[in-house]
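Architecture at a glance
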Amino acid sequence: MDKFEKLTGIAAPMPMINIDTDMIIPKQFLKTIKRSGLGVNLFDEMRYDDNGNEKPDFVLNKPAYREAEILVAGDNFGCGSSREHAPWAIKDFGIRCVIAPSFADIFYNNCFKNGILPIALPQEVVDVLMKDAEKGANARMIVDLEAQTVTTSDGESFSFEVDSFKKRCLLEGLDDVGLTMEKVGAIQSYEAQLATQRPWV
Amino acid sequence: MTATGNRSSERRRNGPRNDAYDQTDRKMTAKMSPRTTLDKLWDSHQILQRADGASLLWVDRHFVHEGSHHAFARIAEKGMAVRHPELTFGVADHYVPTSGAPATDDIARMIRTLSENTARHDIRLFGTDDPRQGIVHVVGPELGLTLPGLLIVCGDSHTATHGALGAYAFGIGATEVAHVLATQTIWQKKPKRMRLAVEGTLMDGVSAKDIALNWIARLGADGGRGHAIEYAGSAIEALSVEGRLTLCNLSIEGGARSGMVAPDQKTLDWIKGRDFAPEGADWDRAAEAFLSLAPDDGAEYDTEAVLDAAEIAPIVTWGTSPEEALPITATLPDPSRAGSEAQAKRIAASLDYMGLGAGRPLDGTPVDQIFIGSCTNGRIEDLRNAAAVLKGRLAIVPGMISPGSAQVKAQAEQEGLDRIFIEAGLDWVGSGCSMCVGMNGDLVAPGKRCASTTNRNFRGRQGKGARTHLMSPAMAAAAAVTGTITDVRPLLKGRA
């Protein structure tokens, strides 16, 4: 898994609540065999017209935000399906950090599995970051995972919370399966007692 | 409705003791405090707990579908085997063609890849040619693969459905699917416990779908975020198992990864004798364990909410989030009367996408088509409820009815429901996810309005530019015969 340590980049403002996984990556792109290449279809229906031309007023089509690496959005980001194509598309576009007042649980987890840092901050802090993001390409936001801070282009800094284990996995690019198999003895013990405790399983 | 935090509830049934779920955390020796259903499931599945609080949980059932190919590819990259193929079950549903037309090449490839992956790892598959095929969340319970007290995962957010039988079931992403394939375990932090009680008696024509959309409209699409919901109360006890499956299915639309109903005698009667259900002495022991999953007297919840069943009217979504739902008797919201500028913008954007006028009555909104089916409302009871409205009537808009499984289809045909649908002028098609998600090509055309018994009214969900109104099967049937979104209750007068 890709590491995430510190990021200085352009933040794109998307002040919408309930940005769902169907919006992030519509179903017609889920048949892909590879996990890469989905960035071009990120937010497909908001981003392109019926003829496949870019809609100039959509934030990621604006010259200032085409290289955005951070997304600032509204409440309940990533609600809907468990499709991991949603973080894959976000990352393939080049976005490595999403900031919102809250995230849907499954999406939030999926981000950490793919080297994306989702940051939940109170609405009033997100409002400040949203204003900063609206300044465009000259305003660079700094996200520091080790220090757990987001800093605006004006130098205003906010701390955020992150689970310590998830943080370590992101910082070190650790893989879950490998870590779990270090506990194989405990799994085997559980397996052994399952047949007597709950034979119907 | 009231929602409060950390308040112990009143009366709770005290189930018989059984060591399967009364085993305490191995490290704990002190007397246990009263436990909720989630607590019991958590304790019986925890293999170990990490210093940061995350638990490694045992997975009893893992369902895979066409979308699982990324996970299979991932374990192949690592050269890993499936640790417990006998606890893993494949079901073809998301891409299965329902209307008889052959699958396009890319859709056929998705279905074929599932067959190849399950065959390679010796996993039982309910594929397109199997008489038990259907939507995974219909098939699992129907076959008795879903049982009370099991921990169930699937790479699909509607896995919450299985909680209706008292399982702890939740959706996971592709990386987690790979993890479960390789280890039969999953890392989780314990969610908060929420008790959502529905007390009283539902009015005729009001169903589990209406209960679900009602609480989501009140608490919001993130109202259950971070929580495992336990549905309780007299109206939930009175629901059929099919109704409970619908209710739990929609938990995720309110932000909760899981929803559960404590097993009762109704649950046991429903499960007994199903293909994979325990038999003989195993059944007797299991049944006792299942009933012991009911919350203990005095068990505490982090959040509690209570709904009055008698106040619930048939409800319909008007916008592009399941929380944007209103009773059929209501008028559409008006952005100019919204509480804030942000809210006004949201209402205006939803009305604009849906092509609806602010402040107009919801009742009477013309629809272009209807869809009845999905893991939410594709069960036999759903089809019976739709048939009760459609019998002897003609649909004046086109529509598709897709049973949730091949077994539901056979049952409906045995009961003659298919004749009622066909005589009403609706298409009776095969089983699969179909028009709920449109992956198999069953789509709503741009700008068209569909009365749908599915679970998501997101923009573009049923097709680019499609306008989805979520509602119960009876309400969708009423939309078919009137060509409008309308109150089903008058249409049920004088009918059984």
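Scoring rules and cut-offs
Residues numbered from 1 in each chain as written. Chains lettered and ligands numbered in written order. Predicted model: local features only at pLDDT ≥ 70, side-chain atom pairs only at ≥ 80, totals over all residues. Heavy atoms only, no water. Pairing = 2+ DSSP bridges. Helix = DSSP H or I, 4+ residues; strand = E, 2+ residues; numbered from the N terminus. Axes fitted to C-alpha atoms, helices over the stretch in contact; angles between N-to-C directions. Contact = heavy atoms within 4.5 Å. Parallel < 35°, antiparallel > 145°, perpendicular 65-115°, else oblique. Left-handed = near helix turned anticlockwise from the far one by under 90°. Nonpolar A, V, L, I, M, F, W, Y, C, P; charged D, E, K, R; others polar. Buried area = accessible area lost by both parts, 1.4 Å probe. Salt bridge = Lys/Arg side-chain N within 4 Å of Asp/Glu carboxyl O. Polar contact = N/O pair within 3.5 Å; in protein donor to acceptor, adjacent residues only side chain to side chain. Expected span 1.5 Å × (residues − 1). Buried < 20%, exposed > 50% of the residue type's maximum accessible area, 1.4 Å probe, protein only. Phe/Tyr/Trp six-rings, centres within 6.5 Å; stacked < 30°, edge-to-face > 60°. Lys NZ or Arg CZ within 6 Å of the ring centre and 35° of its normal.

**A closer look at the sheet that holds strand β8 (residues 168–171) of chain B**
Residues and elements named next belong to chain B.
- Pairing is parallel across the open sheet formed by five strands, whose spatial order is β6-β5-β4-β7-β8. Because the sheet does not close on itself, it has two edges, and the strands there are β6 (124–126) and β8. Between one strand axis and the next, the sheet turns by 20° as a mean value, whatever way the strands run.
- Relative to strand β5 (residues 88–91), strand β4 (residues 61–64) runs parallel, the two being bridged by three bridges. Bridge assignment links F63 to a residue of β5, and that residue is F89.
- In the packing of helix α4 (residues 105–120) onto the sheet, the strands contacted are β4, β5 and β6, and the crossing angle to β6 comes to about 155°.

**Observations concerning the packing of helix α14 (residues 380–390) of chain B against helix α17 (residues 473–482) of chain B**
Residue and element names in this part refer to chain B.
- Direction vectors running N to C along α14 and α17 enclose 30°, while the axes themselves pass 8 Å from each other. Taken together, the axis directions place α14 and α17 in an arrangement best described as roughly parallel. Considering only the axes of α14 and α17, their crossing is right-handed. From α14, D382, N385, A386, V389 and L390 reach across to α17, where they touch P473, A474, A477, A478, A480 and V481.
- For the contact of α14 with α17, the class distribution of residues is nine nonpolar, one polar and one charged.

**Regarding the sheet that holds strand β3 (residues 55–58) of chain B**
Residue and element names in this part refer to chain B.
- Taken in spatial order, the three strands line up as β2-β3-β9 in an open sheet, and their pairing is antiparallel. Two strands in the sheet have a free side with no partner beyond their single neighbour: β2 (46–49) and β9 (185–188). On average, adjacent strands in this sheet sit at an angle of 25° to one another, irrespective of strand direction.
- As judged from the three bridges shared by β2 and β3, these two strands associate in the antiparallel manner. Its bridge partner lying in β3, Q46 is registered against L57.

**Examining the interface of chain A and chain B**
- Across the contact, 59 residues belong to chain A and 77 residues belong to chain B.
- Together, the buried faces of chain A and chain B total about 5,400 Å²; carbon and sulfur atoms form 55% of this surface.
- The largest contributions to the chain A side of the interface with chain B come from A:K27, A:K31 and A:W200, which together make up 15% of the buried area.
- Inspection of the region where chain A meets chain B yields six salt bridges.
- Between B:R83 and A:E191 there is a salt bridge; the shortest N-O distance is 2.8 Å.
- The tally of links between chain A and chain B comes to 27 residue pairs in polar contact (both at pLDDT 80 or more).

**A word on the side chain of A:N41**
- If you trace the backbone, A:N41 turns up in the loop between α1 (21–24) and α2 (44–47).
- If we skip the residues at most four places from it in the chain, A:N41 touches A:I24, A:I25, A:P26, A:F29 and A:R47.

**Brief notes about helix α8 (residues 184–197) of chain A**
- Counted at 1.5 Å a residue, the expected span for α8(A) with its 14 residues is 20 Å, and the 20 Å between its end C-alpha atoms agrees.
- Considered for burial, the residues of α8(A) that qualify are A:I187, A:Y190, A:E191, A:Q193, A:L194 and A:Q197.

**Section: the pattern of salt bridges**
- Going through the model one piece at a time under the given rule, you end up with 29 salt bridges over all chains.
- The residue A:K91 makes a salt bridge to A:D2 at a minimum N-O spacing of 2.9 Å. Of this pair, A:K91 sits in helix α3 (residues 85–93) while A:D2 sits in the segment before β1 (6–14), placing them 89 residues apart in sequence.
- Under the relative-accessibility criterion, A:K91 is labelled partly exposed at 23%.
- Here A:D2 falls in the partly exposed class, since its relative accessible area comes to 42%.
- Connected through salt bridges with shared partners, the residues B:D39, B:K190, B:R193 and B:D302 form a single ionic network.

**Side note on the packing of aromatic side chains**
- Per the counting criterion, the structure on display carries 15 aromatic pairs over all chains.
- Plain terms: the ring middles of B:F63 and B:F89 are 6.2 Å apart, the flat faces sit at 45° to each other, and that makes the pair tilted. Here B:F63, found in strand β4, pairs with B:F89, found in strand β5; they are 26 residues apart in sequence, far enough to count as distant.
- Ring geometry for B:W283 versus B:F290: centroids 6.2 Å apart, planes at 80°, classification edge-to-face.
- Taking the relative accessible area as the measure of exposure, B:W283 reaches 6% and is therefore buried.
- An aromatic cluster is present here, built from A:F77, A:F103, A:F107, A:Y108 and A:F112 joined pairwise through their rings.
- B:R50 extends its terminal NZ or CZ atom over the ring of A:F165, reaching a point 3.1 Å from the ring centre.

**So, the side chain of B:T183**
- Its place among the elements puts B:T183 in helix α6 (residues 174–183).
- Its relative accessible area of 0% is what places B:T183 among the buried residues.
- In terms of polar contacts, B:T183 uses its side chain to reach the backbone carbonyl oxygen of B:H179, at 2.7 Å.
- If sequence neighbours within four positions are ignored, B:T183 has contacts with A:V177, A:T180, A:M181, A:I187 and B:R83.

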